[in-house]
Amino acid sequence: DREFTSYSSNWQTRLSGFPYDYDKLLSYDMIILGGVKQVSLGNICQEMLGDYLKAGGGMIVLGGPMAYGGSKLKGTPLAEMFPVTMEDTPFDLAKIPGAIVKPTQAGAPFLEDLNWDQKPRILYIHRVKVKPWGKVVLEANGHPFLVTGEVGPQKARVVCILGVPMGSFGKGKTPFWEWNDWKYLLRQLNWWVMKQDYRFDYQNHLW
């Protein structure tokens, strides 16, 4: 299911739809947050999403102009379940010209069989602090690009992608979102978040 932020001069800003039913919400294998602001979620949605993670659901949080600091979720119970601490400002993007995305450590199954020869690049990235239980898997010029973690009694898997898909690059340079293997990384990441990759034991990882 896909839901969007709805703006109205007569009604409050809100999501176009949300499953306000725990049976329905818990039926989802994974939830992706793509630039959803606190005002769009509201207190009830945030509480239910927190309960979803406590029950073992998976989540991927994407970067963008209205994500992380721009989402105004810092300090909320939901944001406390992310493996990173975001800044409390909408101007949380760092510009890192020429930065190349690369793995920091080996062993994560969602990195298997990816070809890095294109040297995927990034221009803007969210400034965050990685929590002690977070694991930086991809970085760009020393900035965390992809951070994973497990949280809650059921060890929900939460992934924060901190790169922002925008900016202009010179000829012959590949933006990370146009990298040939980007879609394969996301596919394999989805499997991992949904705990459908049984080759990998997070508690006994080597990376």
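I will try to describe carefully the structure that is included in this document. All of these numbers come straight from a predicted model, not from anything done at the bench.

Attention shifts here to helix 2 (residues 38-54). Given a rise of 1.5 Å per residue, 17 residues ought to cover 24 Å, yet the end C-alpha atoms of helix 2 are separated by just 19 Å, more than 12% below that figure. Of all the bends in helix 2, the greatest measures close to 70° and is centred on I44. Where helix 2 is concerned, the buried positions are S40, L41, C45, Q46, M48, L49, G50, Y52 and L53. Among the residues trailing helix 2, G56 stands out with phi positive, at a value near 105°.

As a general point, the strands of a sheet are linked pairwise by backbone hydrogen bonds and lie either parallel or antiparallel. Reading across the sheet, the 8 strands line up as 3-4-11-10-9-6-7-12 and stay open at both edges, with mixed pairing between neighbours. Looking at the sheet topology across the chains shown, the edges are occupied by strand 3 (30-34) and strand 12 (163-164). Where strand 3 lies against strand 4 (residues 58-62), 5 bridges are found, and the strand directions are parallel. Paired with L33 across the bridge in strand 4 is V61. Against the sheet, helix 3 (residues 182-193) contacts strand 3, strand 4, strand 9 (135-140), strand 10 (143-151) and strand 11 (156-161), and its axis sits at roughly 155° relative to strand 11.

Here we come to unusual backbone geometry. One non-glycine residue with positive phi stands out, namely Y68, at about 50°. Relative to the assigned elements, Y68 resides in the loop between strand 4 and strand 5 (84-86). For Y68, a relative accessible area of 1% puts it in the buried group. Non-glycine residue K119 carries a positive phi angle of around 55°. On the basis of relative accessibility, which here comes to 46%, the residue K119 falls in the partly exposed class.

Let us now look at the environment of E150. The residue E150 is located in strand 10 in this model. The spacing of E150 and G134 is 16 residues in sequence and 7.8 Å in space, taken between C-alpha atoms. Among the polar contacts listed, one links the side chain of E150 to the side chain of R157, at a separation of 3.2 Å.

What counts, and where the lines are drawn
Residues numbered from 1 in each chain as written. Predicted model: local features only at pLDDT ≥ 70, side-chain atom pairs only at ≥ 80, totals over all residues. Heavy atoms only, no water. Helix = DSSP H or I, 4+ residues; strand = E, 2+ residues; numbered from the N terminus. Expected span 1.5 Å × (residues − 1). Bend = angle between axes of the 7 residues up to and from the residue. Buried < 20%, exposed > 50% of the residue type's maximum accessible area, 1.4 Å probe, protein only. Pairing = 2+ DSSP bridges. Contact = heavy atoms within 4.5 Å. Axes fitted to C-alpha atoms, helices over the stretch in contact; angles between N-to-C directions. Polar contact = N/O pair within 3.5 Å; in protein donor to acceptor, adjacent residues only side chain to side chain.

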